[in-house]
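So you can see what is in the structure, the chains are spelled out below.
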Amino acid sequence: MTTIRFATVGFDLDGTLLDTSRDLGVALNHALAAIDRPPVPDESVQNLIGGGSGLMLRRALALTGGDEGIDFEALRQVLLAHYEANIAAHTALYPGGVAMLDALDERGVKIAMVTNKPQHLAVKLLGELGLLDRFACVIGGGAGFPLKPAPDALHAMVARSGGGAAAYVGDTTFDTGAALAAGLPCVAVSFGFNDKPVRELGAAAVIDHFDALLPALAEL
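Treat the numbers as computed from the prediction; the structure is a model and nothing was measured.

1. Some words on the nonpolar core
Most often, soluble globular proteins have nonpolar side chains that are buried together.
Working step 1: Counting 53 residues, the largest nonpolar core has Phe 11 and Leu 104 as the members making the most contacts within it.
Working step 2: Not counting residues up to four positions away in its chain, the partners in contact with Leu 104 are Ile 4, Val 9, Phe 11, Val 109, Ile 111, Leu 214 and Leu 217.
Working step 3: In terms of nonpolar packing, the next biggest core, distinct from the first, is built from 16 residues, Met 157, Ala 179, Leu 184 and Cys 186 among them.

Next up, the structure:
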């Protein structure tokens, strides 16, 4: 059995633990349609995700004509309402995710979540997928901490999970930046919504499949 030294392993949500791209894309294009903008193609949605719904929407507006004259916050609420109503229609764990979570459980490692997704949406999504009980804590946007790459939520994650050594798993510079600022080693996943080449994210390790996560953690 692979031995790891970490008492807690934290995960980002979108593009790391779960492939949420299709459900996010549907909600994004619903919002764009409300202002008569063309849809973003499915294959381009991943490039817009990261940093929260507001940043995703701003990127989409920039691609489709800009944001002049747009009531941005009202449009973001249109996006969020549609997303919440259809949050788990197409979303699933990335391949190997179930076995990886089971392996961490078997070793007594606490599993945690820190995401820039709004807290209530993260909790709802994990609940609908039957995953919520696996987490020692779930910290999302609006939970009283600045969004990543600020380190505050990662510090809270460690404290709420009981302290000790912790590592973080993510897919973007928001995640690696937060982990670096929090003093935690970070593993980056190459299959996520990488906002720059994965080996330029600054992670301590890179994996291409969740089968490789525990061996990577064992080497940190």
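2. So, the packing of aromatic side chains
Working step 1: Taken as a whole, this structure holds three aromatic pairs when the rule is applied.
Working step 2: When the ring of Phe 11 is compared with that of Phe 210, the centres are 6.4 Å apart and the planes differ by 75 degrees; the resulting orientation is edge-to-face. Remark: Phe 210 occurs in the loop between strand E8 (205-207) and helix H9 (213-219) and Phe 11 occurs in strand E1 (residues 8-11); sequence separation between them is 199 residues.
Working step 3: Assessed through its relative accessible area of 0%, Phe 11 is described here as buried.
Working step 4: On the basis of relative accessible area, Phe 210 is assigned to the buried category, the value being 2%.
Working step 5: Each ring, one from Phe 191 and one from Phe 210, has its centre 5.2 Å from the other, and the planes form 70 degrees; the classification is edge-to-face. Taken together, the residues Phe 191 in the loop between strand E7 (186-189) and E8 and Phe 210 in the loop between E8 and H9 connect sequence positions 19 residues apart.
Working step 6: Taken together, the ring pairs connect Phe 11, Tyr 94, Phe 191 and Phe 210 into an aromatic cluster.

3. So, unusual backbone geometry
Working step 1: The omega angle of the peptide bond from Lys 148 to Pro 149 is 25 degrees, so this bond is cis rather than trans.
Working step 2: Here Pro 149 is to be found in the loop between strand E5 (135-141) and helix H7 (152-160).
Working step 3: Unusually for a residue other than glycine, Asp 36 sits at a positive phi of about 60 degrees.
Working step 4: Residue placement: Asp 36 occurs in the loop between helix H1 (21-34) and helix H2 (42-45).
Working step 5: On the basis of relative accessible area, Asp 36 is assigned to the exposed category, the value being 74%.

4. A look at empty space enclosed by the protein
Working step 1: Per the counting criterion, the structure on display carries two cavities of 30 Å³ or more.
Working step 2: Of the pockets and cavities examined, the largest cavity occupies roughly 240 Å³.
Working step 3: Contributing to the lining of the largest cavity are 22 residues, with Asp 14, Ile 49, Gly 50, Gly 51 and Gly 52 lying nearest its centre.
Working step 4: Going through the elements one at a time, helix H3 (53-64), helix H4 (72-85), strand E4 (110-118) and helix H8 (173-182) are the ones with two or more residues in the lining of the largest cavity.
Working step 5: The element best represented in the lining of the largest cavity is E4, accounting for four residues.
Working step 6: Class assignment for the residues of the lining of the largest cavity results in nine nonpolar, seven polar and six charged.
Working step 7: The volume enclosed by the second largest cavity comes to roughly 50 Å³.
Working step 8: Lining the second largest cavity, in full, are Val 114, Thr 115, Asn 116, Ile 139, Gly 140, Gly 141, Gly 142, Phe 145, Pro 146, Leu 147, Lys 148 and Ala 153.
Working step 9: By residue class, the composition of the lining of the second largest cavity is six nonpolar, five polar and one charged.

Definitions and cut-offs
- Residues numbered from 1 in each chain as written.
- Predicted model: local features only at pLDDT ≥ 70, side-chain atom pairs only at ≥ 80, totals over all residues.
- Heavy atoms only, no water.
- Core = buried A, V, L, I, M, F, W, Y, C linked by side-chain atoms within 4.5 Å.
- Buried < 20%, exposed > 50% of the residue type's maximum accessible area, 1.4 Å probe, protein only.
- Contact = heavy atoms within 4.5 Å.
- Phe/Tyr/Trp six-rings, centres within 6.5 Å; stacked < 30°, edge-to-face > 60°.
- Helix = DSSP H or I, 4+ residues; strand = E, 2+ residues; numbered from the N terminus.
- 1 Å grid on protein atoms, 1.4 Å probe; cavity = no way out; pocket = protein on both sides within 12 Å on 5 of 7 lines; lining within 4 Å.
- Points joined across faces, edges and corners; volume = space filled by probe spheres on them.
- Nonpolar A, V, L, I, M, F, W, Y, C, P; charged D, E, K, R; others polar.

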